Amino acid sequence: MKPRVRFAPSPTGYLHIGGARTALFNWLYARHTGGTFVLRIEDTDAARNTQEAVDVILNGLRWLGLHWDEGPLTADATGPCKGDRGPYFQSQRKTNYQARVEALLSRGLAYEHEGAIKFKMQREPILIPDLVVGDVLRKLTDREEADPDFVIVRSDGQPVFHFVNVVDDLEMGITHVIRGEDHLSNTAKHIALFRAFGVEPPRYAHIPLILNADGSKMSKRDRGASLTTYLDEGFLPEAVDNYLCLLGWSPKDNTEKLSLTEVVERFDLPQILRHNAKFDFEKLLWLQGEYCRELPDDRFYEMCVHALAKAGIDTNKHDVAYVKAALDTCKGKIKTFTELPAYGGFYFRDSVEYDAEAAKKSFVPENKPRLEKLRAAFAAADPFNTATLEAVLKATANELGVKAGVLVHPVRLAVTGNPSGPSLYHLLEVMGKEKVMGRIGRALETIKIV
């Protein structure tokens, strides 16, 4: 039988990066083995669940490219994508749980206690044969020795996580449970429940936790903890996928940049590392920059235009050739697309605001005549292209008896508002003579001669 795995998140308002990594490892194992990836929303806690929270999970998985393989068709399922199938919802499976509770009660394996229903837990130690952690012998703790039985249905009639989790895994034919190591402490109870139902439990693989760089546990307030951060900050899903693969798994040759197709070929559970993974945001940024630099032009333009629009910059007001030429000067220079408005937004604005610190250094009285001379030289430049503009600036600097940098810094600030950015001569060519002359002229007006 081919493996059947599942990702079973609770809709609590956001998708933790650890949950996304768990989903990815399950998806990778299913694809590597030719198995099935099931998505199940554990929404039995009605007070905490919202459709918005469910959408965060679904949209996050789709963004990562982790489409699930089965589930009921949704009302708006019009496309061919497997993600058009909705996930399973525990809230829609209440009759299944009730039938399983009654089966345990009828066989004396569960009993009523103070309005709740408790499962008769076995008293012998339970061996957990884990594919990642190794064999774990779970003994009764001092606290449990007196009464190891545990609640499976609360007094309000609501079945608890341990119970519904096992029933769903059993009825959905899950063969491998791949989940965070923090669930290892629950596994003995789950194994006991499976055996109470007369079936062998699935194979377990508890993967290492993701910690902050300082070794502390990631909370939702820590940078990078929420998957939504990456959508909002303009990351590429393939970069995030690649980085998540490296959090707890490593290919044998220590390659770091891998497409999902390559990882699917190499991925297997024995390769999952035993020690906890530390989240390194700088390494993720490096991978993001690599993927961004290698993007096909059309997708790069699409991502850029979207990022600019999100920042209130409408590129539709400009000629398409101008927009593409401007964005070409930014490719390979930004890592996340949220950096683009500050880095290259000057191309699309009617005017620019000057960086205050840079203006103090560049817009000084002695630079006014230098900038005036350079402006006149640029006005006479023909053709107004990169090579000509570079030659003109260097010739002007030579005439003034100064280094080229003395002119580069004030002219860059004049036309872009920033002390750094795309290649100066390239951006001047893209902007064109009229716009460059206008911006240098405006800058000259701000320089006061004492």
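Being a predicted model, the structure only gives us computed values, none of them experimental. (Residues numbered from 1 in each chain as written. Predicted model: local features only at pLDDT ≥ 70, side-chain atom pairs only at ≥ 80, totals over all residues. Heavy atoms only, no water.)

Topic: the sheet that holds strand S8 (residues 150-153)
In spatial order, the strands read S4-S5-S8; together these 3 strands make up an open sheet with antiparallel pairing. In this open sheet, the two edge strands, each paired with only one partner strand, are strand S4 (110-113) and S8. Taking the axes of each pair of neighbouring strands and ignoring which way they run, one obtains an average angle of 45° across the sheet. As defined by bridge partners, S4 adjoins strand S5 (residues 116-119) across 4 bridges and the pair is classed as antiparallel. Within S5, the position partnered with Tyr 111 by the bridge is Lys 118. (Pairing = 2+ DSSP bridges. Helix = DSSP H or I, 4+ residues; strand = E, 2+ residues; numbered from the N terminus. Axes fitted to C-alpha atoms, helices over the stretch in contact; angles between N-to-C directions.)

Some points on helix H16 (residues 386-400)
Compared with an ideal rise of 1.5 Å per residue, which puts 15 residues at 21 Å, H16 spans 21 Å between its outermost C-alpha atoms and is within 8% of the ideal. Regarding H16, the residues found buried are Thr 386, Thr 388, Leu 389, Val 392, Leu 393, Thr 396 and Ala 397. Down the axis of H16, the buried set is contained in an arc of 165°. They therefore lie on one face. Turned more than 90 degrees away from the buried face of H16, the exposed residues are Ala 387, Asn 398 and Glu 399. (Expected span 1.5 Å × (residues − 1). Buried < 20%, exposed > 50% of the residue type's maximum accessible area, 1.4 Å probe, protein only. Arc of directions from axis to C-beta.)

Considerations on the packing of aromatic side chains
Applying the stated criterion across every chain yields a total of 15 aromatic pairs. Taking the centre distance of 6.4 Å and the plane angle of 80° together, the rings of Phe 378 and Phe 384 count as edge-to-face. The pair formed by Phe 378 and Phe 384 is uniform in burial state, with each residue classed as buried. Members of the aromatic cluster, connected to one another through ring pairs, are Tyr 230, Phe 235, Tyr 243, Phe 279 and Phe 281. Arg 100 extends its terminal NZ or CZ atom over the ring of Phe 197, reaching a point 5.2 Å from the ring centre. Here the guanidinium or amino end of Lys 257 rests over the ring plane of Tyr 291, the centre of that ring lying 4.2 Å away. (Phe/Tyr/Trp six-rings, centres within 6.5 Å; stacked < 30°, edge-to-face > 60°. Lys NZ or Arg CZ within 6 Å of the ring centre and 35° of its normal.)

As for the sheet that holds strand S1 (residues 4-7)
The 3 strands lie next to each other as S1-S2-S3, forming an open sheet whose pairing is parallel. Each having just a single partner strand, S1 and strand S3 (88-89) make up the two edges of the open sheet. Pairing of strand S2 (residues 36-41) with S3 involves 2 bridges; the strand directions are parallel. Of the residues in S3, the one forming a bridge with Arg 40 is Tyr 88.

Considering the nonpolar core
As a rule of thumb, nonpolar side chains are buried together in soluble globular proteins. Counting residues in each nonpolar core, the largest one holds 108 residues, and the members touching the most others are Leu 28, Phe 279, Tyr 347 and Phe 378. Ranked by residues supplied to this core, first place goes to helix H1 (residues 17-33) with 9 residues. Excluding its chain neighbours within four sequence positions, the residues that come into contact with Phe 279 are Ile 17, Ile 210, Leu 211, Asn 212, Ala 213, Met 218, Arg 223, Gly 224, Tyr 230, Tyr 243, Leu 247 and Leu 284. (Core = buried A, V, L, I, M, F, W, Y, C linked by side-chain atoms within 4.5 Å. Contact = heavy atoms within 4.5 Å.)

Some details on the side chain of Glu 42
Along the polypeptide, Glu 42 turns up in the loop between S2 and helix H2 (51-64). Look past the residues within four positions of Glu 42 in its chain and what remains in contact with it is Ala 8, Pro 9, Ser 10, Pro 11, Gln 90, Phe 161 and Asn 165.

Side note on the pattern of salt bridges
In this structure the tally under the stated criterion is 24 salt bridges. The salt bridge involving Arg 31 is made with Asp 69; its shortest N-O contact spans 2.8 Å. A residue pair is termed long-range when its members are at least 10 positions apart, and Arg 31 in helix H1 and Asp 69 in the loop between H2 and S3 qualify at 38 residues. Measuring nitrogen to oxygen at the nearest pair gives 3.9 Å for the salt bridge that ties Arg 154 to Asp 156. Each of Arg 6, Arg 40, Glu 42, Arg 93, Arg 100, Asp 168, Asp 169 and Glu 171 takes part in one network of salt bridges that share partners. (Salt bridge = Lys/Arg side-chain N within 4 Å of Asp/Glu carboxyl O.)

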